[in-house]
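Here's the letter readout for the chains.
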Amino acid sequence: MHQPPLPPHASGVPWVGDSVEFGRNPQRFVLKRQARFGPVFMGHILGASTAVMVGPQALRFVLSSHRHHFVSGPGWPRGLGMLMSGALMMKDGDIQTRTRRLLAPALAGSALASYTPVMEATARRHLERWVQQGRLSLYDGLKGLTFDTASQLLFGTPEGADTGRLGKLFATYTAGMQGLHPVVPLRVPFTPFGRAFAARSEMLKEVTRIIQEREKSTGSDALARLLESRKEQGEGPSADALAEQAFFLLFAGHESTSSLTTWACLELSRHPDLLDSAREEAQSLGEGPLTMERVERLPFLEQVLLETERLHPPFSGSFRQVVKSFEFNGFHVPEGCRVFYSINGTHGDPATFPEPERFTPGRFTPEAARCARHELGLVGFGAGPRSCLGMGFARLQAKVVLALLLRDYEWSLQPKQSLDPVYLPSLFPKDHLRVSFRRRSAQETRHRETA
Ligand code: HEM
């Protein structure tokens, strides 16, 4: 029987050339080839021949309708797989389903609502510290803030406790994920990858110790909910295995949320009219604690965040491995092939989002979203049974921080900095978004209220 051909591969510098071009700008890499070859093509990315799939139809195939053709764990470049080993993202089959069930109660519904006061108090404390500083790198400031929040909520770290040591270990860990370090995963002490691996081992020891201690006590943070959920599963994971999950949540829980929030602040600075509308809406919150219900009632902020997710998704895509060969768009992709599904390529497709390079929150008004073909067009948090488990947590935290920033503070970009995107471990502006920062005066706030 006639077998369709393999997906096309652009000729040129196919090996190193693809990895370098992809590493510099994965979106441009994908869109250039998508325009020439369509929604599936081959590239040599991060050390292996890879079928790249892009666009809503291709993503529906990978993430939903034909997901049984794929597994996640073995699809990741070796170095990234080693650094995230044990995390839910690396699990497949029954273990993935069971682990997801274990983690879900700590990241949804009433648990989220109960986290809001900690999110708000921690944000206020950090924002006031930024006022004292006057100038800061917003991305670093937000990473500190989200890390502090995640460690309180996940591990019950006391408010205001010094999380500096763990924070430093995390910085070493994420540095090892950047650029081409994970492609040559040498576990020797003087390489960034080796240092990242050592930092991971040290953090896992610390997290296991915290879990063993917490097994003897009670609480209402995410770790207490995980331990409760483990009891309900009967034969749940060991403290070591649970530590790997909790460690990944701490990583996922702060790195990408600070990315999303940083780009939202940057886009609002670039668009004063949108900033005004967002401020006006945040002002309508008045004083009083920010409950989950109240921040969910900020429709313009919601649109700003959706458009930020579209234009600046923290992750450019994700990996799979083919376990059952398939045909898509007239091409044959064999068993064993690695697949990369492209998030930012899908978001940059003008067929789904006209004028994709423009920041236009209005695309996401409920009316506009109803007319548009958005299903699997917006996939910043993935989709289907492996979609992001922390989406609610991340979006709630971003809203709490942005609502406070908009209502009570001013930030302005410092000159002479590069805003070029860096893609790993999650998207950030090259110079970390340096800003001047101050509290808005009572007069400014009043003026807005009466305007
Ligand atoms: C803006 C913030 C975030 C973004 C953009 C994001 C994005 C994603 C994406 C795209 C995936 C799917 C990857 C795939 O298909 O292979 C994913 C999975 C996951 N995310 Fe997030 N994430 C964010 C925040 C969080 C937070 C705050 C947590 C937890 C506290 C979290 C926990 C997870 C977990 C556990 C998975 C694995 C799900 C599975 O494999 O079943 N994420 N995330």
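How each quantity is defined
Residues numbered from 1 in each chain as written. Predicted model: local features only at pLDDT ≥ 70, side-chain atom pairs only at ≥ 80, totals over all residues. Helix = DSSP H or I, 4+ residues; strand = E, 2+ residues; numbered from the N terminus. Rg over C-alpha atoms; globule rule 2.2 N^0.38 Å. Buried ≥ 20, exposed ≤ 12 C-beta atoms within 10 Å, placed from the backbone. Contact = placed C-beta atoms within 7 Å. Near = placed C-beta within 6 Å. Nonpolar A, V, L, I, M, F, W, Y, C, P; charged D, E, K, R; others polar. Core = buried A, V, L, I, M, F, W, Y, C linked by C-beta atoms within 7 Å. Pairing = 2+ DSSP bridges. Axes fitted to C-alpha atoms, helices over the stretch in contact; angles between N-to-C directions. UniProt positions renumbered as here; feature names shortened; annotations may be inferred. Parallel < 35°, antiparallel > 145°, perpendicular 65-115°, else oblique.

Observations regarding the overall build of the protein chain
And then number 1: In terms of helices and strands, the protein chain carries 18 helices and 12 strands.
And then number 2: The C-alpha radius of gyration of the protein chain comes to 22 Å, within 12% of the 22 Å expected for a compact globule of 451 residues.
And then number 3: Considered along the principal axes of its C-alpha atoms, the protein chain spans approximately 75 × 55 × 45 Å.
And then number 4: Residue burial in the protein chain is summarised as follows: out of 451 residues, 43% are buried.
And then number 5: In the protein chain, of all internal contacts separated by at least 6 residues, the share reaching a separation of at least 24 is 73%.

As for the site of the ligand
And then number 1: Near the ligand there are 24 residues, and of these Ser 256, Ser 318, Gly 382, Cys 388 and Gly 390 occur at the shortest range.
And then number 2: Elements with a minimum of two residues in the shell around the ligand: helix H5 (93–103), helix H11 (239–270) and helix H17 (391–408).
And then number 3: Here the shell around the ligand gets 6 residues from one element, more than from any other, and that element is H11.
And then number 4: Looking at the shell around the ligand residue by residue, the class counts come to 13 nonpolar, 9 polar and 2 charged.

Quick notes on the nonpolar core
And then number 1: By size, the foremost hydrophobic cluster in this structure holds 113 residues, and its most contacted members are Ala 246, Val 339 and Ala 403.
And then number 2: Once residues lying within four places of it in the same chain are set aside, the contact partners of Ala 246 are Leu 154, Val 207, Ile 211, Leu 223 and Leu 226.

Focus: the sheet that holds strand E2 (residues 48–54)
And then number 1: Judged by pairing direction, the sheet is mixed, and its 5 strands sit side by side in the order E1-E2-E8-E5-E3 without closing on themselves. Each end of this open sheet is capped by a strand with a single partner; those strands are strand E1 (40–45) and strand E3 (70–71).
And then number 2: In terms of strand pairing, strand E5 (residues 317–322) meets strand E8 (residues 338–342) through 5 bridges, oriented antiparallel. Counted as the bridge partner of Gly 317 is Ser 342 from E8.
And then number 3: The sheet strands contacting helix H2 (residues 26–37) are E1, E2, E5 and E8, and the helix crosses E2 at an angle near 75°.

Notes on the UniProt feature "binding site: heme" (unreviewed entry) in the protein chain
And then number 1: When the UniProt feature table is mapped to this numbering, "binding site: heme" (unreviewed entry) covers Cys 388.
And then number 2: Within the secondary structure layout, Cys 388 lies in the loop between helix H16 (366–371) and H17.
And then number 3: The partly exposed category is assigned to Cys 388, around which 19 C-beta atoms lie within 10 Å.
And then number 4: If near-sequence neighbours (up to four positions away) are discounted, Cys 388 is found in contact with Phe 381 and Gly 382.

Here's the deal with the sheet that holds strand E4 (residues 135–137)
And then number 1: Spatially, 3 strands are ordered E4-E12-E9 in an open sheet, and the strand pairing comes out antiparallel. Edge positions in the sheet fall to E4 and strand E9 (409–413), since each has one partner strand and no second. Sheet twist, expressed as the average angle between the axes of neighbouring strands with direction ignored, equals 35°.
And then number 2: Two elements, E4 and strand E12 (residues 434–439), share 3 bridges in a ladder whose sense is antiparallel. From the neighbouring strand, Leu 136 faces E12, where its bridge partner is Val 435.
And then number 3: Lying on the sheet, helix H7 (residues 138–155) is in contact with E4, E9 and E12; it crosses E4 at an angle near 75°.

With respect to the packing of helix H12 (residues 272–283) against helix H14 (residues 299–311)
And then number 1: At a minimum axis distance of 8 Å, the contact between H12 and H14 shows a crossing angle of 135°. In terms of axis orientation, H12 runs oblique to H14. Residues Leu 274, Ser 277, Ala 278 and Glu 281 of H12 lie in contact with H14, whose contacting residues are Phe 300, Leu 301 and Val 304.

Here we look at the environment of Thr 360
And then number 1: Mapping Thr 360 onto the fold places it in the loop between helix H15 (343–347) and H16.
And then number 2: For Thr 360 and Phe 315, which are 45 residues apart along the polypeptide, the C-alpha to C-alpha distance reads 20 Å.

Let's talk about unusual backbone geometry
And then number 1: Cis rather than trans, the peptide bond between Leu 424 and Pro 425 has omega equal to 5°.
And then number 2: Mapped onto the fold, Pro 425 is located in the loop between strand E10 (421–422) and strand E11 (428–429).
And then number 3: A positive phi angle, close to 45°, is found at Glu 355, a residue other than glycine.
And then number 4: Positionally, Glu 355 belongs in the loop between H15 and H16.
And then number 5: Positive phi, normally seen in glycine, also occurs at Lys 416, with a value near 55°.

Comments concerning the environment of Gln 34
And then number 1: Tracing the backbone shows Gln 34 in helix H2.
And then number 2: A tally of 22 C-beta atoms within 10 Å means that Gln 34 is categorised as buried.
And then number 3: Through-space distance from the C-alpha of Gln 34 to that of Val 52 is 9.2 Å; in sequence the pair is 18 residues apart.
And then number 4: Apart from the residues lying within four places of it in its own chain, the contact partners of Gln 34 are Pro 39, Val 54 and Gly 345.

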